[in-house]
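Residue-level listing of the chains:
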Amino acid sequence: MSGPGGPVLRVGVLGCADIAGRRMLPSMARQPLVEVSAVASRSLDKARAFTDRFGGTPVAGYARLLEREDVDAVYVPLPPELHAQWTLRALEAGKHVLCEKPFALRQADADKAVALARERGLLLMESFMFLHHSQHAHVRRLLDDGLIGELQLFGSEFGIPLRPEGDGAARRASTLPEVAAYPLRAAQLFLGPGLRVAGAQVRPAGPHGPAPAGGALLTAPSGAAAQLAYGVEHAYRSGYDLWGSEGRLRLERAFSTPDEHVPVLHVERGGAVQEIRLAPDTHFTNIAGVFARAVLDGEDFTPHTEAVLAHARLVDEVEQAAATRPPAL
């Protein structure tokens, strides 16, 4: 795990998903702690198209990549229903794992994978890249400094527009695990642990998938609440709003934030409206560095696995609340 510039983590990529080619691998290429050593696909030509751009060895088949001695860790951008299966196989092969969100569709899968990671002394980390954008740490500092008083309500929404007809890209509309993951994880970030589900709703299956939209109401031990909405047949929205006893704060482009984007916080307080401009940041490059540094420096992996378990538990509770919601009269 050593390169010309010092220690590096050699990462193999399981699958050539859009998120890998468009965001994560270009970001890994800019992260000096990471070296992409291999890319696997069911199609060798597809794997080679990725390695021509990002380096590494093309591999036909995910299992063959896990056998390679030049792979210390794997990045898993596969569809969510394959996350647990290939994460378990990677851990069994002795590889650290950075897995796209949501890691697990069932809490039992998260429990099993975390237990194996801990038994083998390996890192399992969920790729919530937005948590590593400096804009959220800035918001946290403003809250802690009392800018809007005591937080009473966290509101967040993440909506993705339908793709134009005929663009050749099919929409995968498993809304709750994939799209809801962002506002659910943001609620945990700002309201802390111990969230409980007061109610949840999923729009019935339709032409855009089995669960094209939904929402959830959560409560925190502090008495604050979270109102969340998400879906894949909406005009684009990606933000959150914090409402306190003395003011409000709003952030747009909170989740799918381009590297060059200049974040703007909108603050309402005492009848005045203020805009606070922040510096751009590279959250995909940042999370690749956090993952690599944890392994290379021998950090405690517990916070990462605890976060996987907490998110899986909350997703399970939201799904159960939505499933038991009485039908509308």
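Anyway, here's the lowdown on the structure attached to this text. (Residues numbered from 1 in each chain as written. Predicted model: local features only at pLDDT ≥ 70, side-chain atom pairs only at ≥ 80, totals over all residues. Heavy atoms only, no water.)

### A short note on the packing of aromatic side chains
Thinking step 1. Taken as a whole and assessed by the stated rule, the structure comprises 11 aromatic pairs.
Thinking step 2. With a centroid separation of 5.3 Å and 85° between ring planes, the pair formed by Tyr-62 and Trp-86 is classed as edge-to-face. Of this pair, Tyr-62 sits in helix α3 (residues 62-66) while Trp-86 sits in helix α4 (residues 83-92); the two residues are 24 residues apart in sequence, bridging distant segments of the chain.
Thinking step 3. For Tyr-62, a relative accessible area of 12% puts it in the buried group.
Thinking step 4. In this structure Trp-86 comes out as buried when scored by relative accessible area, which is 9%.
Thinking step 5. Between the aromatic rings of Phe-130 and Tyr-182, the centroid separation amounts to 5.9 Å while the plane-to-plane angle is 35°, which identifies the pairing as tilted. With Phe-130 in the loop between β8 (124-127) and α6 (134-144) and Tyr-182 in helix α8 (residues 181-191), this pair connects stretches of sequence that are 52 residues apart.
Thinking step 6. With a relative accessible area of 11%, Tyr-182 lands in the buried category.
Thinking step 7. Three or more aromatic residues link up through ring pairs in this structure, and these residues are Phe-128, Phe-130, Phe-158, Tyr-182 and Phe-255.
Thinking step 8. The ring of Phe-50 is capped by Arg-53, whose NZ or CZ atom sits 6.0 Å from the centre of that ring.
Thinking step 9. A cation sits over an aromatic face here: Arg-185 above Phe-128, 6.0 Å from the ring centre. (Phe/Tyr/Trp six-rings, centres within 6.5 Å; stacked < 30°, edge-to-face > 60°. Helix = DSSP H or I, 4+ residues; strand = E, 2+ residues; numbered from the N terminus. Buried < 20%, exposed > 50% of the residue type's maximum accessible area, 1.4 Å probe, protein only. Lys NZ or Arg CZ within 6 Å of the ring centre and 35° of its normal.)

### Some words on the sheet that holds strand β13 (residues 237-244)
Thinking step 1. Across the sheet, which stays open at both edges, the 8 strands sit in the order β10-β11-β12-β9-β13-β14-β15-β16 with mixed pairing between neighbours. Across the chains shown, the open sheet's two edge strands, defined by having one partner strand only, are β10 (196-202) and β16 (272-277). Here the average twist between neighbouring strands, direction ignored, is 10°.
Thinking step 2. Running at roughly 55° to β10, helix α10 (residues 302-323) makes contact with β10, β11 (213-219) and β12 (225-231) of the sheet. (Pairing = 2+ DSSP bridges. Axes fitted to C-alpha atoms, helices over the stretch in contact; angles between N-to-C directions. Contact = heavy atoms within 4.5 Å.)

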